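Summary of structural features
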Amino acid sequence: MKKMHLPSKLLVVGLTATVLMLTMPIGAQSPDDCSNREETARLEPNVIVSLISWIVAKTKWVVREPPTVCFVKSDQLIEMAYGGEGTPDDSRINALYAPAGHIVYLSEKWNPNDLRDRSYLLHELIHHLQAINNVKTACLAANEQPTYELQLEWLREQGIQDPYKFLDINEFTIALISQCSD
């Protein structure tokens with residue numbers, strides 16, 4: 001897997017086939033409109049509250065406020081992750097977290113009744129709590145290892161016996177994307 005060396009602005013998770021840790025290049029634009037209330041309405045507040053409560057119970061981190069959640073088209077997620085020019089068609093990117101703005105971007109295809117999709121949201125909420133609790137790691141990529149550990153634990157608690165298979169990922173890939181580039 002080729003590592004990308006881009007300025008750190010976004011944490012990206014794409015779990016369908018392989019997981020990537022990417023960053024938003026300087027100059028890449030995030031969607032201007034995060035105020036589409038009809039889209040946001042399908043994310044009931046109790047979903048975020050229950051996921052954040054679970055994370056806090058496991059980590060003892062504090063919560064100041066939840067992140068803003070925006071639904072965007074899949075091609076926008078890909079463009080945000082790769083910066084536009086020469087953007088690959090990468091359907092593995094399902095969610096992003098922008099720590100500077102405390103924004104979780106979910107694919108417009110996100111389904112609140114789908115356990116995998118809820119785990120993507122959980123993953124990004126973990127990144128949000130890492131950011132607001134100033135969790136120190138050697139680099140941005142190093143946040144992925146503990147994030148996946150929590151995500152896998154949550155999936156086990158939801159009855160998934162093999163969360164690696166469920167997410168189509170393995171320990172080696174998680175270790176690889178958690179490596180600092182220098």
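Everything numeric here is computed off the predicted structure, so don't read it as measured data. Each chain has its residues counted from 1, running along the sequence as written. Local features in this predicted model are restricted to residues whose pLDDT is 70 or higher, and side-chain atom pairs enter the listing and the counts only when it is 80 or higher, whereas totals over whole chains, interfaces and linings include all residues. As a convention, hydrogens and water are excluded, and side-chain values are obtained from all of the structure's heavy atoms.

A few points about the overall build of the protein chain
Helix and strand definitions here come from DSSP, where helices need a minimum of 4 consecutive H or I residues and strands a minimum of 2 consecutive E residues; each element is numbered from the N-terminal end. Within the protein chain one finds seven helices and four strands. For the protein chain, the α and β elements follow one another from N to C terminus as β-α-α-β-α-β-β-α-α-α-α. The 182 residues of the protein chain split such that 46% are buried. By the convention used here, residues are in contact when the closest approach between their heavy atoms is within 4.5 Å. In the protein chain, of all internal contacts separated by at least 6 residues, the share reaching a separation of at least 24 is 70%. In this description, accessible areas are obtained by the Shrake-Rupley approach with a 1.4 Å probe, and a residue is regarded as covered only by the protein chains that are shown. When the accessible surface of the protein chain is totalled, it reaches about 9400 Å², and 49% of it is carbon and sulfur. Accessible area is worked out with a 1.4 Å probe on protein chains only. A residue is then buried under 20% of its type maximum, exposed over 50%, and partly exposed in between.

Some details on the confidence of the model for the protein chain
Per-residue pLDDT for the protein chain has a mean of 79; in total, 72% of the residues score no lower than 70. A residue's pLDDT is simply how confident the predictor is in it, with values from 0 to 100. Between the elements of the protein chain, mean pLDDT differs from a low of 44, seen in strand E1 (residues 11–13), to a high of 97, seen in helix H5 (residues 144–157). pLDDT under 50 marks residues 1–30. Its contacts with residues more than four places away, or in other chains, come to 114 contacts.

So, the packing of aromatic side chains
Geometry of an aromatic ring pair is reported as the spacing of the ring centres plus the angle between the planes. Any two rings among Phe, Tyr and Trp, with Trp reduced to its six-membered ring, count as a pair given centres within 6.5 Å; such a pair is stacked if its planes are under 30 degrees apart, edge-to-face if over 60, and tilted if neither. Counted under the stated rule, the structure contains one aromatic pair. Seen from their ring centres, Phe71 and Trp110 are 5.9 Å apart, and the 55 degrees between their planes marks the pair as tilted. Note that Phe71 is positioned in strand E2 (residues 68–72) and Trp110 in the loop between strand E4 (103–107) and helix H4 (115–132), a separation of 39 residues in sequence. Side by side, Phe71 and Trp110 carry an identical accessibility label, which is buried.

Concerning the environment of Thr59
Within the secondary structure, Thr59 is located in helix H2 (residues 45–59). Through-space distance from the C-alpha of Thr59 to that of Leu150 is 9.2 Å; in sequence the pair is 91 residues apart.

Concerning the nonpolar core
Nonpolar side chains in soluble globular proteins tend to end up buried together. Remark: nonpolar core denotes a set of buried residues (Ala, Val, Leu, Ile, Met, Phe, Trp, Tyr, Cys) joined through side-chain atoms within 4.5 Å. Formed by 33 residues in total, the largest nonpolar core has its most connected members in Leu43, Ile55, Leu106 and Leu121. The set of elements that each furnish at least two residues to this core consists of H2, E2, strand E3 (95–98), E4, H4, H5 and helix H7 (171–177). Counting residues per element, this core draws most heavily on H4, at eight residues. The residues contacting Leu106, other than those within four sequence positions of it, are Val69, Cys70, Phe71, Val72, Leu77, Asn94, Ala95 and Leu121. Of all hydrophobic cores here, the second largest spans 12 residues; its members include Ile93, Leu96, Ile103 and Tyr105.

Focus on the pattern of salt bridges
Here a salt bridge means any side-chain nitrogen of Lys or Arg lying within 4 Å of a carboxyl oxygen belonging to Asp or Glu. Counting across every chain of the model gives two salt bridges. A salt bridge links Lys58 to Glu153, with the nearest nitrogen and oxygen atoms 2.9 Å apart. Of this pair, Lys58 sits in helix H2 while Glu153 sits in helix H5, and the two are 95 residues apart along the sequence. Classification of Lys58 by relative accessible area gives partly exposed; the value is 38%.

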